[in-house]
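Each chain, written out:
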4 protein chains.
Amino acid sequence: MPEANSDDAEGTRRKVPDPAAATARPRRRQARGERRIAQILDAAATVFSTAGYTGASTNAIAREAGISPGTLYQFFPNKEAIAVELGDQLLRRWRATYGRALTPAHLELPLEELLEAVLDPLIRFNHENPAFGVLMHGPDVPGKIAMDHADLHSSLLPQVEGILSGYLSEASPAEVSRIARLAFATFKAGLDLTLSVEPDERDAYITELKTLLFRYLQPLVEDCRTRPAS
Amino acid sequence: MPEANSDDAEGTRRKVPDPAAATARPRRRQARGERRIAQILDAAATVFSTAGYTGASTNAIAREAGISPGTLYQFFPNKEAIAVELGDQLLRRWRATYGRALTPAHLELPLEELLEAVLDPLIRFNHENPAFGVLMHGPDVPGKIAMDHADLHSSLLPQVEGILSGYLSEASPAEVSRIARLAFATFKAGLDLTLSVEPDERDAYITELKTLLFRYLQPLVEDCRTRPAS
Amino acid sequence: MPEANSDDAEGTRRKVPDPAAATARPRRRQARGERRIAQILDAAATVFSTAGYTGASTNAIAREAGISPGTLYQFFPNKEAIAVELGDQLLRRWRATYGRALTPAHLELPLEELLEAVLDPLIRFNHENPAFGVLMHGPDVPGKIAMDHADLHSSLLPQVEGILSGYLSEASPAEVSRIARLAFATFKAGLDLTLSVEPDERDAYITELKTLLFRYLQPLVEDCRTRPAS
Amino acid sequence: MPEANSDDAEGTRRKVPDPAAATARPRRRQARGERRIAQILDAAATVFSTAGYTGASTNAIAREAGISPGTLYQFFPNKEAIAVELGDQLLRRWRATYGRALTPAHLELPLEELLEAVLDPLIRFNHENPAFGVLMHGPDVPGKIAMDHADLHSSLLPQVEGILSGYLSEASPAEVSRIARLAFATFKAGLDLTLSVEPDERDAYITELKTLLFRYLQPLVEDCRTRPAS
DNA sequence: GATGAATGAGGATTCATTCAT
DNA sequence: TATGAATGAATCCTCATTCAT
């Protein structure tokens, strides 16, 4: 129940009449259900990005979704489950829209272009989906980054690690992990900055953020290239 | 009433003869009261750093302080006032303990040493006072960094700007501001990382953070030095 | 939501077939809810008339209604809203029960009979609904009669003015207003008196009040009749 | 202690060294105490007339008086006692300033002049001491005019009865009482009206109130005069 | 599945009053 | 006497969650 069994709730939003006639009936139900879920998640995104996770109330989400609290709880067992599912959905959406940027081909690019190719869509996506940013941090407490509501953090970090480990061929896994964490944290901080800043300053901040990350990572990359992995 | 000139109310870290003692006489009726204020602020620090600003309840703070809610409100008119005063106290404590690092002399140091001199105490202080970090961020919503409860952010950022503008003699004020914001945000993010990481990894992360900031700022500094301000 | 079309929610005094029944269908989901609203308003009437507006607590009202505070707030956003709705309900009830006294025909009656026709039902209604009297005054401070919680005062005064302006054809609007205010205030004071007095004295007080008002208004009326409006 | 025996707390603010040397010491104490009491009552008058009896908090009164709550409770055992004492003080003040109007000689005047002589000072006094009006009513609830905090009501009513019984020589005590109550209640209502009305309208309302009372009482008086007390 | 009613503990805050100094 | 600290129940109101229909 907590999972809100959305095993298929995302990519496979089938419109086809579903040839398997036998299974058709049960699915029907789920069709409405998925619409509801989408409704709720949309509302949640709005409310979370407006009030933050802690400040968001399930009643507010239900109201925003135009449904009753009871209905909301028919799809999600509690507030956290909404956050989790919203996080998943955003992740899926991210992959579906901009995520293609990360073709293996990109990993051959020079760092500067890689950053460009990764950061630009990610930033744009965050501006389009402000809830993404909210869910990337845990609620409030800094020392407690990894919250239980399986946040986006834990999903994205491995990706960063993956990319970086390609560039830092020489570094130990621990080093890669550390660098990835720091780079990712830095990116999030910079991202928040761009979100809090006047729109006309935004680009300058984005550029600055790219510069920052580039300067941080470039020497590490070079290091590896110079001294080819033994 | 909540003056709480608690420079010394808690740790009694000062060795100087306390010149304020003379002027403190007038309102010494509050001997008990100031102890209470210190108590409350201590409790608030604990609760804030445990539950975050939004999640902290005044009742919880009172409970933690071992007093009744009514008593708490004899000293602070509301939750925000507690946060403000706690922020101020932490700031005062910071200045009193590690803040001396920022002698004008330091501004002559090469960047690397400057960073060392600034970051080390700041990080240590944050580890000793985890509430500091909580109050450096506003509550929750990223796009809303500047909260009304005069946060530490607004107090510290100017200092960062001040230092950097010494090094970036050539940059325009807008640039300095941007760089300072990004550097500060980055620092906070990295700091949070060090707080969330296993103690034995801490130093590695700190080093990494210093490296990051150094690499970001070094070229800017050099730029200014090479091309002497026209 | 707190429509509480409780014309009939409590006394069910009407004999007419209730034409509203047809239109009421659309939102009949709240069958239980409207009962609750009536319950709450009943409880509020009791508590208000016992403790006064200021002294009445929403928790007390909820307790009196046999529900939890949360439930109360599902129907009313705050204490004032309860008072407003209760005032409205009482007004509706008044109109539905005794309010018919004010046929245009009555305005042709001699003053004495008019008073009889108006005051008797009004007094009886007040004795049956003591909360009415409480809501006719603002809370406490005399110099502040008009409170924001749209009190009955502001609803009834115009009616008094209306009736009187028929009788005082010659007087200026300002005069009519003044006379109406004073007469109404006097009535309320006398009414309170009848409420505070032993039951067996009641009638004597009521008679006295009628006499008072009659003597006050009669000369004004005569004045107008003698000297026909120029 | 509750009585705060301020028998002489108002008119007789003696500065003379008190010739009776023997009794001087104990009095000394009381001198300060009486000043305190006066202070508190002044503050109470302000707060009561601003917030009403129910809305007035003892803390607010203490603050307004510039003393601590503890001190307040050294002179009055509770809020009601303050109201009682304030009522008494106002009564004394009334008697000392305007109360002289009620010479036995006045009782020989024709009703109109009597009203003039009584109402004018009373109204003026009320405008100068708005707390008077607040304490003339009990707190809120109409049916509960006689509150325990021995209000001014119970003190003034007998006086009204006294005066009226002179004019209504024929009426039975019960009748006199009834007429007095109604007249007094009416007066209070009219008074409140003058307090709530724009200053420039005030006089018109006052005149109207006098007219009202005159018209009510005149026939009663005449009745008695015509038919001399058997 | 959907609704809206229901809950009751908990949130911030106030208040009359008492207590230690 | 005066102070201000202390109290704890009570204030209004919110919230995550559950239940009956």
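The structure displayed is predicted, hence computed values, not measured ones. (Residues numbered from 1 in each chain as written. Chains lettered and ligands numbered in written order. Predicted model: local features only at pLDDT ≥ 70, side-chain atom pairs only at ≥ 80, totals over all residues. Heavy atoms only, no water.)

Trainee: Residues and numbers for the protein's contact with DNA strand E, please.
Mentor: With respect to spatial proximity, 34 residues lie near DNA strand E, and among them Thr58(B), Tyr73(B), Arg36(C), Gln74(C) and Thr58(D) are the closest. One nitrogen or oxygen atom from the side chain of Thr71(A) is found 2.9 Å from a phosphate oxygen belonging to DNA strand E. In this structure, a phosphate oxygen belonging to DNA strand E sits 3.2 Å away from a main-chain N or O atom of Ala56(B). Sorting the residues of the surface near DNA strand E by element identifies α1 (21–55) and α3 (69–75) of chain A, α3 (58–65) and α4 (69–75) of chain B, α2 (31–55) and α4 (69–75) of chain C together with α2 (58–65) and α3 (69–75) of chain D as the ones contributing at least two each. Looking at the surface near DNA strand E residue by residue, the class counts come to eight nonpolar, 20 polar and six charged. (Near = heavy atom within 4 Å. Polar contact = N/O pair within 3.5 Å; in protein donor to acceptor, adjacent residues only side chain to side chain. Helix = DSSP H or I, 4+ residues; strand = E, 2+ residues; numbered from the N terminus. Nonpolar A, V, L, I, M, F, W, Y, C, P; charged D, E, K, R; others polar.)

Trainee: So what's going on with the pattern of salt bridges? Which residues, and what values?
Mentor: This structure, assessed with the given rule, holds 16 salt bridges over all chains. Between Asp120(B) and Lys210(B) there is a salt bridge, and its shortest N-O distance comes to 2.9 Å. In this pair, Asp120(B) is assigned in helix α6 (residues 111–128) and Lys210(B) in helix α10 (residues 202–226), connecting sequence segments 90 residues apart. Owing to a relative accessible area of 25%, Asp120(B) belongs among the partly exposed residues under this scheme. Taking the shortest distance from any N to any O, the salt bridge between Glu208(D) and Arg178(C) comes out at 3.9 Å. Note that Glu208(D) is positioned in helix α9 (residues 199–226) and Arg178(C) in helix α9 (residues 173–196), a pairing that runs across two chains. Each of the two residues, Glu208(D) as well as Arg178(C), counts as buried. A single salt-bridge network, built from bridges that share partners, covers Glu116(A), Asp120(A) and Lys210(A). (Salt bridge = Lys/Arg side-chain N within 4 Å of Asp/Glu carboxyl O. Buried < 20%, exposed > 50% of the residue type's maximum accessible area, 1.4 Å probe, protein only.)

Trainee: Explain the UniProt feature "domain: HTH tetR-type" (unreviewed entry) in chain A to me, using residue names and the numbers behind them.
Mentor: Per the UniProt entry, the sites bearing "domain: HTH tetR-type" (unreviewed entry) are residues 34–94 of chain A in this numbering. As annotated, residues 34–94 of chain A comprises 87% helix and 0% strand, and the C-alpha atoms at either end are separated by 19 Å. (UniProt positions renumbered as here; feature names shortened; annotations may be inferred.)

Trainee: I'd like to hear about the interface of chain B and chain A, residue by residue, with values.
Mentor: With 37 residues of chain B at the contact, the number on the chain A side is 36 residues. For the chain B and chain A pair, buried surface summed over both sides reaches about 3200 Å², with 70% attributable to carbon and sulfur atoms. Inspection of the region where chain B meets chain A yields six residue pairs in polar contact (both at pLDDT 80 or more). Counting only elements with at least two residues in the side of chain B that touches chain A, the list comes to α2 (31–55), α7 (130–136), α9 (173–196) and α10 of chain B. With 13 residues, α9(B) is the single largest residue contributor to the side of chain B that touches chain A. Taken together, the residues of the side of chain B that touches chain A sort by class into 19 nonpolar, 12 polar and six charged. (Contact = heavy atoms within 4.5 Å. Buried area = accessible area lost by both parts, 1.4 Å probe.)

Trainee: Please provide a residue-by-residue account of the protein's contact with DNA strand F, values included.
Mentor: Around DNA strand F sit 35 residues in total, of which Thr58(A), Arg36(B), Gln74(B), Tyr73(C) and Thr71(D) are the nearest. Each atom of DNA strand F within 4 Å of the protein was assigned to sugar, phosphate or base; sugar and phosphate come to 66%. In the model, a phosphate oxygen of DNA strand F is placed 3.1 Å from a nitrogen or oxygen of the Thr71(B) side chain. Contacts to DNA strand F include Thr58(C), whose backbone N or O atom sits 2.9 Å from a phosphate oxygen. Per-class residue counts for the surface near DNA strand F are nine nonpolar, 19 polar and seven charged.

Trainee: Provide a residue-level description of the relation of the copies chain B and chain A, including the pertinent values.
Mentor: Rotating chain B by 178° and moving it 0.0 Å along the rotation axis overlays it on chain A with an RMSD of 0.4 Å. On the angle and the small slide along the axis, the relation comes out as a two-fold axis. By C-alpha distance to the rotation axis, the residue of chain B lying nearest is Thr186(B), at 2.6 Å. Most of the interface of chain B is mirrored in chain A, where 97% of its interface residues are also at the interface. (Least-squares fit on C-alpha atoms with pLDDT ≥ 70 in both.)

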